[in-house]
Amino acid sequence: MTEHNALNLDDISKTAFCIPFDSTGLNFIYSSMDRSQSLFSTDDGIAKPQLPSVTVNEARDIENGGELRFLAYKKAWTKCLARIQEIVQELQAASMKAVVQETRSSYDNTLPGLPYPELPVVYVTNPTFGSTFLGHITSALEENRNDAPGPSCLVTHVYPSDFSNISNGMKAIVSGFIEKSGLLEKVKRKTAESLANYDIKFLGAWYKAWLESSDIPEGRLPNLVVVFHDFEQYDPLVMRDICHICSKSISQLPLVFLLSLSSPSTNYLNVTYPQSTLALLRVRNFTTPSGLSVLQEIILKTFFDVNFEPDILIGPGVLDYLHDLFTRYASSVDVIFTVIQLVHLRHFSLEPLTVLVRDTPSLATSSPFTSALCARVSLQTHDEDVDMDPDPVSHAIAQLDKYRNCFYSRYQDLRLGFCVMLCVHRYLERQGHASLKWFTTDTRNEDRLQRVINGLLSGTLEKDVETLGIASSKLKEEEARDLIEEVHAFLYDLPADISSQEQGARAKLIMMKNYIATDTTSESSNLSMTLSTWLVDYLCEKLSVVEELDLWELWYTGRTPFPSELLNPSIRASMVSGLLRPYDYAEDPSSMVPTEPSPDKAIWELPDTSILFKRYLDSGKMINVYDWFESFKYVLDTQRSQTRELRTASPKKRAKGKAAKRQEVQMTEEEEEQWNVQVQARFIRAMHELDYLGFIKHTGRKADHLLRTVFDINDAE
Amino acid sequence: MPRFPLDNPDMSTEEEDIEDAEDSEESGSEDEPISPEKGNGKQNAEESKIIVQTAFDAYFTYNKAGRVQTSSNVYSQLVLPLSAEEYASAISSATKEIPVVEPIILQGKHKETIFSRFICELNEGFNILCYGIGSKRRVLNQFATDVCSKRGHVVVANGFQPEFHLKDMLNSIESIQNVDLSSTAVDKQARRINDFFATHKHHLYITIHNIDASPFRAPKSKSILALLAHNPRIHIIASIDHINAPLLWSTSEIFSRKSEESRGFQWLWHDLTTLASYDFELAFADRSSLSGAHTGGARRKVDTITAQNATAMSETAASHILASVTQKAQKLFTLLGNYQLQAIENADDSASTDLQQFGMAYDVLFRNTRDNFIATSDTALRSLLGEFRDHSLIVSAQATTGSGEVLWIPMRKERLANVLQSLSQHA
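Residues numbered from 1 in each chain as written. Chains lettered and ligands numbered in written order. Predicted model: local features only at pLDDT ≥ 70, side-chain atom pairs only at ≥ 80, totals over all residues. Heavy atoms only, no water.

Going by an unreviewed UniProt entry, chain B carries the name Origin recognition complex subunit 2 and comes from Agrocybe pediades. For chain B, the Subunit (unreviewed entry) comment in UniProt is given as "Component of the origin recognition complex (ORC)." Under Sequence similarities (unreviewed entry), UniProt gives the following word-for-word description of chain B: "Belongs to the ORC2 family." (UniProt positions renumbered as here; feature names shortened; annotations may be inferred.)

The name given to chain A in an unreviewed UniProt entry is Origin recognition complex subunit 3, with Agrocybe pediades as the source organism. Under the UniProt heading Sequence similarities (unreviewed entry), the entry covering chain A gives this text: "Belongs to the ORC3 family." Under the Subcellular location (unreviewed entry) heading, UniProt states for chain A: "Nucleus".

This is how it looks when you write it as C-alpha cells:
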C-alpha cells in the first residue's frame, strides 16, 4: 500500500482504498485543527478523545475543555449506563431464569413411547430487550455448573441472512458449533473423503469426538442450543426442512432450538407452520416483559430513585420525545440507551460550563473561561457580595460549589418526595382506596405517568398531593397506622446519609404512631387527619422545582428538546429544500446579527439541477423529456442574457438595454451551436443527477417519457 | 392542467389551447414557473392563496385516472445524443458560468466542528449516515484522511462505482492485517475481520460512499455490513443519496446497539448538504442515454446493455476498428450496415431504440456473404466476425422470434450512415 499522502482517493480505477494506521508517520499534514489536537495526543500517537468543539461559545471555553468535558461526560454516562443495565437485568431476570432452566432440562424427562422424538423448541417472545437478552442467556447457558464438569450447553447464534436456503442454513448451524474456538482442535479435512460441511452427520461425528476428548460424564450430555435471532424473518419453507432434518438426528445430537421473536404474538408458529412440522417440535412459550412498563421502570429507577443519583437530570423535553419514540417507532431498550446517551453527549458538548458538573478543576486566574464564569456567577449573586470579595475567581468557585450542593440536595429532596408519594400511593391502591391512578392499564391513560413526571419537574403536582392528602385523611385507624409504619420503614431503609437527614420526619412519624398506640379512645379520623396534614406539608416542602435554582442548566436539561433529526430525520424534506432553496444553506445560522431574509432568488440564479427540479415539480405525473429539455433551455437562455447584462451593465449602466440586445444579435452561428451543445450537456447532467437521487422512474410506456416519483409542493413560491 | 410553461404547438386539447393563450401574456416573466393552479382566472388565483395545496393534494391531482397529456415530441429523435468528448468539453466550458453555492457547513470553523462531532460520535459507539443534496465524497474523504487516519486504520469504499464489489472492500481491510487470504468466501472473510478487530489494538474507520448503491443493497452485503458495524472497534461513516435509501434497514437494525450478539448499525443521521455536483459518482454514467445514471439492481444491467446497444459505439471508435481489419471484413460490415439501414428506414416505428429488431439472421448473413464472395465457409465467416465481436462493433443475440442468431451493429441510424459513407470513400 502506498503512503497516505501519496494516496489518490480520486483514482477512478480503484473501488476501495486503504490507509493503514501509522503512528510514526503522523506528522504529514496538519491543518490548524490537527495541530491543537496533536498537543494532547497519547503515547501511541492517537489523539485523546474529546467532545466536539463548541462553535457558539468557543471563546469562553476552558483551555483543553473538549477533553475535560469528555471526561465529565464519560463519568456521567458510565454511571447512568451501569444503572440502566442493572435495571434491565433485573427486569429480565425472571424470564431469563425460566428460559435457561427450560433449555438445560430439555432432554431431562422426555415422554416415553412417542412415535418419533420431538425437537425441543424454546419460543421466546422478546419484543423489547432484543439481543441483549439473548446475550445474557448465552453466557448463563455456557457457564459451568457447580455439580458437573464442562459446560451444560453449547450455544451458537444464527441470523436470518444465513438461511437463504437449506444447505446454507445447515452450514450455519454445523459450522457454528464446529468453529467454536477452544473446544476441539481443528482437523484438516480432505474434501474428497469427509462429509459435506452442511451435513448434520458431520456435526454428529464432531460431537462424538468432542465428548470423547473431554471428561464429561455419560449421563450429562451438554445440549446443543441454536439461537435463532428475529425468527419472523426466516423463510418458513427453509425452516420446515431444517426442523425435519434436525429432528431426525436427535438420538445422536441433543439439539435445542431457541427462537427469539420480536412480535408479541405467541402463536406465530401455529399460524405459519403446518401441522406436519409442528408435530416434530415440542414448543415451550416464554415471554419477556415488554411495552411501556419497561420504559417507565427504567426512567423512574434511573432519574427518580432515592438510591441513585445521576450526574445530570433529564428534563421533560427529552422525556416526552423518548416516550413518543418508544411507543410509536421502536419499543426496544436500545432506543432508551441511545436517547439517554445522546442527551448526555449533547448536554456536555453545548455548554463550556458543564465541565464543572461534578467537580471544579484548578482554574487559571485570568482566562476567558474564568471571566465568563465570574460574570455568570455575579449575575446570580447580590451586588454587595461581589464588591466585598477581593478575588473574584475564588469567590466564583465558592459560589459554584454552593450552587452545586444546592442543586443536588434539591434534586435529592425531589426524588425523596416522589418516592414517598409513590409509597403512599401504592399503599392506598393496595387497600383499594380511590387514589391517583398513576399506573392504570387503561389505554387512554397510557401516558399518565409521563404527565406525572412532567408535573413533578415543572412543580405542578399540587393537585396530586392534595388528592393523596384527602385519600389518606379518610383512612381507618389501623390503615393509618399501617401507612405510617410503611412510610417510616421506607425512610428508615434509605442510605445512611439521607436517612439521617430525614431524622425529623421519622421522629414525627414515630410520634404519630405512638400517639395512636396510646390514645386509642380518640376519634380515628382525627389521627388520619394529622397524618394527612403532615403528608401534605412534607410533600410540599420536598417537591420544589429545580429550575428556580441558580445555574440549574448545568445539571438539568430542562425543556431543551431532543435533536430528533439525529435518529429520525426527514430526508425527503431536506433533499427537496436543498434543491429548491440552495442559497439558504449558504447562510450562517449561528451568526448573532439578525439578517434580513434574503429576497427569493429567481429561477435562473439557481444551480442547474434546481432549475430542472423546479420544472419537474410543475409537470404532471409523466414528463416528456423533450419538453422538459426545452423548458430548461428557456431558463438557461434567460440566465445567459441576464449574466451578460450584469457583466456589461456594471461598467456603464446607461447603455444597459441596448447593449444586451446587441449582444443577442451578435451571437454567431458557431457560438449558437456551442451554446446548444452546452445546454444539452448541462441538461443531461442535471437530469442524471435527479435520476441518481431517485426522483425519476424510467418507463417504456411512451417514447422518452419519465415518471415522477415525488409530488411535493414548491412552497417557496 | 399541469404542463410546462412553454407554448407547445403539439398540445392538442382545446382546453389547453385556451390556457396557452392566457399564459402567453404571463410568459414574459420567465422567473415564475406556471403552477397547476394558475391560468384559471383571477378568482382561482385568490382562492389558491387561501387554500394552500399540500403534497398530498398534489399527489392526488397528478395521479388522477385517465390519460396523461403530454406532447408527442420525442427527445431522442429531435436531439442528437452527445458524444463523450462533446459532453466533457461542454461541461468544462460551462462550469465557469454555472453559479456555485457553497454551504456554510463546509467552510472553515463549521467544518472543523462537524468533523469533531463526527469523530466523537463514532468513538462513542455510533455509526454515521450522511444525507442531503450534493456529493459528499470530497468531505468524507477529507474527514477520513485528516481525522480518522490519525486514530486508526482507514478504508474508503466507493460504492457508487458500477464494478464495485463488497469483496474489494473486505480485501482492502485485510491488507491491513497482512495475512494470507486463505478463504475466499465473503462471509468467512467478514467473520475473520470481525474477530481480528475484536482484539486488535487500533480501530478501523470505514468510509462508504453511497451505502445505498446496488452492491450494498443485497441481503448478503447488508448482513456482512451489519456484522462489521456492530464491532466496537470498527466504525462506519457512510453517505446516502437516494431519496428512498432509509427503507434499506428495519428499525431494529437502525437502533441496534453495539454488543456481543447483536447485528445492526446504530445509525446517527446527519444532514450534510454540500450542493456539490455528482460528476465523480456519475463518471460511469452513459451521458448519451437518458437512463444512463439509473441505479437499480437488476434493472440497471439491462438498462446499460440496451443503452450500449443503442449508442455506445462512437463514429471514431468504429472507424478505428474498421481501419484495422481486412478488406473482406470491411465488406462484411458494409453488407450488414446497409441491410440494417434499410431495415430502419422501412420500419414504421422509428422511435424505438431497440436495434436488435433490425438485425440480420446468421443464416441469411451467411448466404449473402457466400453470394458476394466474402466468406465461403462458416468458419471463414466466424473468423471475420470475431474481430468485430471482440470490439462490440457487431453484437449478436438469440432471435426473439424463431430460432437462430441475430447480428446487428449497435449504432444509431445517422452514425451508421456516416461510418458507411466514410468507409466507401476510403475504399
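From this point, things continue past the structure.
## Some words on the packing of helix α14 (residues 392-430) of chain A against helix α16 (residues 462-473) of chain A
All names here are of chain A. Look at α14 against α16: their axes get within 11 Å of each other, and the N-to-C directions meet at 45°. Put simply, α14 runs oblique to α16. Judged by the sense of rotation from one axis to the other, the crossing of α14 with α16 is left-handed. Where α14 approaches α16, its residues Met-421, Val-424, His-425 and Leu-428 are matched on the opposing element by Asp-464, Val-465, Leu-468 and Ala-471. Tallied by class, residues from the contact of α14 with α16 come to six nonpolar, one polar and one charged. (Axes fitted to C-alpha atoms, helices over the stretch in contact; angles between N-to-C directions. Helix = DSSP H or I, 4+ residues; strand = E, 2+ residues; numbered from the N terminus. Parallel < 35°, antiparallel > 145°, perpendicular 65-115°, else oblique. Left-handed = near helix turned anticlockwise from the far one by under 90°. Contact = heavy atoms within 4.5 Å. Nonpolar A, V, L, I, M, F, W, Y, C, P; charged D, E, K, R; others polar.)

## Brief notes about the side chain of Thr-277 of chain A
Note on placement: Thr-277 of chain A falls in helix α8 (residues 275-278). In contact with Thr-277 of chain A, not counting residues within four places along its chain, are Arg-240 and Cys-243 of chain A.

## Quick look at the sheet that holds strand β9 (residues 705-708) of chain A
Residue and element names in this part refer to chain A. On the basis of which strands lie adjacent, the open sheet formed by three strands has the order β7-β9-β8 and antiparallel pairing. Strands at the two margins of the open sheet, each flanked by one partner only, are β7 (622-624) and β8 (696-698). Across this sheet, the average inter-strand angle for adjacent strands is 40°, counted without regard to direction. As defined by bridge partners, β7 adjoins β9 across three bridges and the pair is classed as antiparallel. Bridge pairing links Met-622 to Leu-707 in β9. (Pairing = 2+ DSSP bridges.)

## Side note on the interface of chain B and chain A
Counting from both sides, the interface comprises 133 residues of chain B and, opposite them, 125 residues of chain A. In this structure, the connection of chain B to chain A is made through four salt bridges. The shortest N-O distance in the salt bridge between Arg-685 of chain A and Asp-279 of chain B comes to 2.6 Å. Where chain B packs against chain A, one counts 31 residue pairs in polar contact (both at pLDDT 80 or more). The leading source of residues in the side of chain B that touches chain A is helix α6 (residues 108-123) of chain B, at eight residues. Residues belonging to the side of chain B that touches chain A are distributed by class as follows: 58 nonpolar, 42 polar and 33 charged. By the bridge criterion, four bridges tie strand β1 (residues 16-19) of chain A to strand β2 (residues 152-158) of chain B in an arrangement that is antiparallel. Bridged to Phe-17 of chain A within β2 of chain B is Val-156 of chain B. (Salt bridge = Lys/Arg side-chain N within 4 Å of Asp/Glu carboxyl O. Polar contact = N/O pair within 3.5 Å; in protein donor to acceptor, adjacent residues only side chain to side chain.)

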